[in-house]
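As a plain string of letters, each chain reads:
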Amino acid sequence: MYSEKSVEDSLKSPCKEVDMLSHVPVMADEVVDFFIGGLNEGLLVDGTAGAGGHLELLSRALPGMSFLAVDRDPAAVSILRSRFSDKPDVTVRQGSYTEIPEIMNELGLRKASAALFDLGLSSIQLDDPLRGFSYRYEGPLDMRFDDSTGSTAAELLNRMSEKEIADIIYNYGEEGRSRRIAKAIVQNRPVSTTLELAEIIDGSIRRNSFKTLSRVFQALRIAVNGELDQLDRLIDDLDSLTSVGARIAFITFHSIEDRKIKLLFRDTPRYRQHSPKWVVPGEDEIGKNSRARSARLRMGIRI
Ligand SMILES: C[S@@+](CC[C@H](N)C(=O)[O-])C[C@H]1O[C@@H](n2cnc3c(N)ncnc32)[C@H](O)[C@@H]1O
């Protein structure tokens, strides 16, 4: 995803306009196959509906079902509203997936017979310089999925201790040089833009390393959005939004998230793993969509 372009290049080249439908849904065939394998009516909740790529395919493949699309990002919700404006069977709501039980309650919906959570961020978010998710484009260091609440990545970096920054980089980015990078960040504060941060990181490891930049930016995004806490809350509440027999799929892009889902389906008495236990994208898909390369699909059934 990042390998071809240097930070220097991105400083020189103007950013391309964001194509609202440019996000390619990951492992779409596998996701659709899993859901059509056992469903023909009821509610399917897409808790991270994004640009609606998976949802569009699912709504076509499962015409007897109704759909609730939720996303934390108001910009994604605008895309969803316009994409599904002529589909009365699709209801769109802005919010975190942790709020789905309340949203369902408010809408008078019964428990879902299917749920999909495609975690992380979409290509549309990544490619929008103003969101601050990418080290490839100059932009404010924001990284919030919902920009109406919480601290930006810049605010976090400018107020946290060196140790807190190092811990985030190490724990959420699995980057071994976390202390060195955290020290350089603290020495160069305040940091306010993506490329400022990218240059500090590059300087601290004394070379261009796209892997390191990618890991640090991912770690910060996870911290800014409290992604692991959010996932824990969703897992705790999953019973309250799914009915017995419900099919549940998670797509993860990070080993910590994947482990949580593995434990959910393997060790929690009310769930069982679907077979195969997990799926990764084929070479063909990775060739067409490099963003898919670290994805893992896990499927389970509520019992
Ligand atoms: C990988 S994208 C989903 C793409 C979607 N499956 C598609 O095919 O277009 C992940 C989405 O999850 C959203 N998201 C992240 N954390 C969330 C949360 N806690 N609750 C709801 N949505 C969340 C992001 O805003 C992003 O739009």
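Numbering of residues starts from 1 in every chain and runs along the sequence as written. At least 70 in pLDDT is required for a residue's local features to be given in this predicted model, at least 80 for side-chain atom pairs to be given and counted, and no such filter applies to totals for whole chains, interfaces and linings, which use all residues. Water and hydrogen atoms play no part in the side-chain values, which are based on all heavy atoms of the structure.

Visitor: I'm lost on the packing of aromatic side chains in this one. Help?
Guide: Working definition: an aromatic ring pair is given by the centre-to-centre distance plus the angle between the planes. Aromatic rings from Phe, Tyr and Trp, taking only the six-membered ring of Trp, are treated as a pair when their centres fall within 6.5 Å; an angle between ring planes under 30 degrees marks them as stacked, one over 60 as edge-to-face, and anything in between as tilted. Counted under the stated rule, the structure contains eight aromatic pairs. Three or more aromatic residues joined by ring pairs make a cluster, and in this case those are Y97, F117, F250, F265 and Y271.

Visitor: It is not clear to me how helix 11 (residues 210-224) should be interpreted in this structure. Could you clarify?
Guide: An α-helical segment advances 3.6 residues per turn. Residues three or four places apart therefore align on the same side. Over its 15 residues, helix 11 runs 21 Å from end to end, which matches the ideal 21 Å to within 8%, given 1.5 Å per residue. Considered for burial, the residues of helix 11 that qualify are T212, L213, V216, F217, A219, L220, R221, I222, A223 and V224. Helix numbering and strand numbering both begin at the N terminus, where a helix is a DSSP run of H or I of at least 4 residues and a strand a DSSP run of E of at least 2. Multiplying one less than the number of residues by 1.5 Å gives the expected span of a helix. For every residue, the accessible area (1.4 Å probe, protein chains only) is compared with the maximum for its type, and the residue is labelled buried under 20%, exposed over 50%, or partly exposed between those bounds.

Visitor: I'm lost on the pairing of strand 3 (residues 90-94) in this one. Help?
Guide: Working note: regular strand, side chains alternate between the two faces of the sheet. Two strands qualify as a pair provided DSSP detects at least 2 bridges between them. Across five bridges, strand 2 (residues 65-71) lies against strand 3 in parallel orientation. What sits directly across from D71, in strand 3, is Q94.

Visitor: Please clarify how empty space enclosed by the protein should be interpreted in this entry.
Guide: One water molecule sets the probe size; rolling that probe over the atoms shows where empty space is left. Cavity: a set of points on a 1 Å grid over the protein atoms alone where a 1.4 Å probe fits but cannot get out. Pocket: an open set with protein on both sides within 12 Å along at least five of seven lines, its lining residues, like those of a cavity, having an atom within 4 Å of a point. Grid points are joined across faces, edges and corners, and a volume is the space filled by probe spheres set on the points. Counted according to the given criterion, the structure contains one cavity of 30 Å³ or more. When its volume is computed, the largest cavity comes out at roughly 370 Å³. Surrounding the largest cavity, 27 residues form its lining, T48, D71, D118, L119 and G120 being those nearest its centre. Listing elements by their share of the lining of the largest cavity, those giving two or more residues are helix 3 (53-61), strand 2 and helix 12 (227-241). Under the scheme applied here, ten amino acids are nonpolar (Ala, Val, Leu, Ile, Met, Phe, Trp, Tyr, Cys and Pro), four are charged (Asp, Glu, Lys and Arg), and all others, including Gly, are polar. Along the lines of polarity and charge, the residues of the lining of the largest cavity split into seven nonpolar, 14 polar and six charged.

Visitor: Would you mind showing me how to read the pattern of salt bridges here?
Guide: Once the charged atoms of two side chains with opposite charge are near each other, the side chains can pair. Salt bridges, as used here, are contacts in which a Lys or Arg side-chain nitrogen is within 4 Å of a carboxyl oxygen on Asp or Glu. Summed over all chains, the structure comprises 16 salt bridges. A salt bridge links R131 to D73, with the shortest nitrogen-to-oxygen separation between them at 2.9 Å. One end of the pair, R131, is in the loop between helix 6 (123-126) and helix 7 (153-159); the other, D73, is in the loop between strand 2 and helix 4 (74-83), with 58 residues separating them in the sequence. For R131, a relative accessible area of 11% puts it in the buried group. Residue classification places D73 among the buried residues on the basis of a relative accessible area of 2%. With a closest N to O distance of 2.8 Å, D142 and R144 form a salt bridge. Residue D142 is classed as buried on the basis of its relative accessible area of 13%. A relative accessible area of 13% places R144 in the buried class. One network of salt bridges, in which partners are shared, links E56, R60, R83 and K87.

Visitor: Just to check I follow, could you spell out the sheet that holds strand 5 (residues 242-252) for this structure?
Guide: Adjacent strands of a sheet pair through backbone hydrogen bonds, lying either parallel or antiparallel. Spatially, 3-2-1-4-5-7-6 is the arrangement adopted by the seven strands of the open sheet, whose pairing is mixed. Looking along the sheet, the strands with just one partner apiece sit at the ends: strand 3 and strand 6 (271-279). Strand-to-strand, the axes of this sheet are offset by a mean angle of 15 degrees, without reference to chain direction. Of the pairings in the sheet, the one linking strand 1 (residues 42-46) to strand 4 (residues 112-118) comprises three bridges and is parallel in character. Its bridge partner lying in strand 4, L44 is registered against A114. Any two residues whose heavy atoms approach within 4.5 Å at even a single point are treated as in contact. Here an angle of 0 to 180 degrees is reported between the N-to-C directions of two axes, which are lines fitted to C-alpha atoms, with helices fitted over the stretch in contact. Packed onto the sheet, helix 4 meets strand 2 and strand 3 and runs at close to 160 degrees relative to strand 3. Along the sheet, helix 12 makes contact with strand 4, strand 5, strand 6 and strand 7 (296-302), crossing strand 5 at roughly 155 degrees.

Visitor: Where do I start with the site of the ligand in this structure?
Guide: Neighbouring residues are identified by heavy atoms, a residue being near a molecule or strand if any of them is within 4 Å of it. Around the ligand, the structure places 25 residues, and the nearest of them are H54, D71, Y97, D118 and Q125. Any N or O atom pair separated by 3.5 Å or less is treated as a polar contact, with the protein-specific requirement of one donor-capable and one acceptor-capable atom, and with residues adjacent in sequence counted only for side-chain atom pairs. Residue Y97 places a main-chain N or O atom 2.8 Å away from a nitrogen atom belonging to the ligand. Computed with a 1.4 Å probe, the accessible areas rest on the Shrake-Rupley method; for each residue, only the protein chains presented here act as cover. Coverage of the ligand by the protein amounts to 99% of the 600 Å² it exposes when considered alone.

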